[in-house]
Amino acid sequence: MRAAADRLSMRTFLIAREFIDQVSNIRTRRALEDALADACARIGLRYFAVSHHVDFSVHSTALRIHNYPGHWAEWYDEHRLGVSDPIHRASQMIANGFTWDEVPRLIAMTASDHALLERSRKMGFGNGVTVPAHVPGERRGSCTFVSAAGEQLPPDALIWAQTVGLFAFQAARRIFSPRLNTRWPRISDRQRDCILLAGRGVRNAEIAVALGIGQQTVLEHLREARARHGVRSRTELVVNLLASGSLCLDDLTRRDD
């Protein structure tokens, strides 16, 4: 029994590892859909969905890749369920992946929530596993894998989904977000220090004292950084650095002792 479980775990690991190797080179939506469909079929799952948690009737260009039946997707969007979906809400209450059986433990289920899950079963969905995928400064999202109606989740499905889901979500971000592929201008460490403090609302004179440099030097650092990024204001500069990964939201909100 133990040997069989070990072989199963190794197979699960290999399928996940092959997906990770493959997805690093994926640049199109169709290629990601094919890779996810193949990985799901190999592990024993039927459906997948990688998406932001938004009302898609309003945010039609938000990140979403799935192979759900067309009639389900149309009904889902018609009722604007992208935000109120209990699976999406549950993913905001936990850091790791979870099976749909765990949802009532994570959130208070309403009558509408139970009706939604019951409708999904009638439309061909079995049990599912969802992996939260939240990037600071962006819409919340998740990656979900679902068995066909009447079928159980494969053994090790949660571990497999935790790995594959996060890499799939990042690949989808790369496809849907051109800014992730942008080559941002380089700035110096000292320029970054000045921009960070400016983003916290610190005045030039106080920045100079904090960094041990002259106030004119602070102005020159900020002016040079704005020129490199082609922006006119500090606000635009901070936004660009957040987008490029040079600054984190935590950097701006933290106050050093």
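On a predicted model such as this, the values are computed, not experimentally measured, just so you know.

**Considering the environment of Leu211**
Turning to its location among the elements, Leu211 is positioned in helix 9 (residues 204-211). According to the relative accessible area criterion, Leu211 is buried, its value standing at 19%. Excluding residues within four positions of it along the chain, Leu211 makes contact with Arg190, Asp193, Cys194 and Leu197.

**As for the packing of aromatic side chains**
Within the structure shown, the criterion is met by seven aromatic pairs. Here Tyr47 and Tyr68 contribute two aromatic rings whose centre-to-centre distance is 6.1 Å and whose plane-to-plane angle is 80 degrees, an arrangement assigned as edge-to-face. Of this pair, Tyr47 sits in strand 1 (residues 47-52) while Tyr68 is found in the loop between strand 2 (64-66) and helix 3 (70-78), placing the two residues 21 residues apart along the sequence. Centroid distance Trp72 to Tyr76: 6.1 Å. Interplanar angle 45 degrees. Geometry classified as tilted. Of the two residues, Trp72 and Tyr76 both sit in helix 3, four residues apart, roughly one turn of that helix. Per residue, the accessibility class of Trp72 equals that of Tyr76, and both read buried. An aromatic cluster is built from Tyr47, Tyr68, Trp72, Trp75, Tyr76 and Phe125, whose rings are joined through pairwise contacts. Its guanidinium or amino end placed over the ring of Phe56, Arg64 lies 3.8 Å from that ring's centre, counting from NZ or CZ.

**Observations regarding the pattern of salt bridges**
If charged atoms from side chains of opposite charge come close, those side chains can pair. Throughout the structure, instances matching the rule amount to eleven salt bridges. In this structure, the salt-bridge partner of Glu18 is Arg42, at a minimum N-O distance of 2.6 Å. Placement of the pair is Glu18 in helix 1 (residues 2-23) and Arg42 in helix 2 (residues 29-43), with a sequence separation of 24 residues. Judged by relative accessible area, which is 40%, Glu18 ranks as partly exposed.

**Concerning helix 2**
With 15 residues, helix 2 extends 21 Å between its outermost C-alpha atoms, agreeing within 8% with the 21 Å of an ideal straight helix rising 1.5 Å per residue. Buried residues of helix 2: Leu32, Ala35, Leu36, Ala39, Cys40 and Ile43, and no others. The buried residues of helix 2 occupy an angular sector of 130 degrees when projected down its axis, which confines them to one face. For helix 2, the exposed residues lying more than 90 degrees away from the buried face are Arg30 and Ala41. One or two steps after helix 2, the chain reaches Gly44, where phi turns positive at roughly 105 degrees.

Cut-offs applied
Residues numbered from 1 in each chain as written. Predicted model: local features only at pLDDT ≥ 70, side-chain atom pairs only at ≥ 80, totals over all residues. Heavy atoms only, no water. Helix = DSSP H or I, 4+ residues; strand = E, 2+ residues; numbered from the N terminus. Buried < 20%, exposed > 50% of the residue type's maximum accessible area, 1.4 Å probe, protein only. Contact = heavy atoms within 4.5 Å. Phe/Tyr/Trp six-rings, centres within 6.5 Å; stacked < 30°, edge-to-face > 60°. Lys NZ or Arg CZ within 6 Å of the ring centre and 35° of its normal. Salt bridge = Lys/Arg side-chain N within 4 Å of Asp/Glu carboxyl O. Expected span 1.5 Å × (residues − 1). Arc of directions from axis to C-beta.

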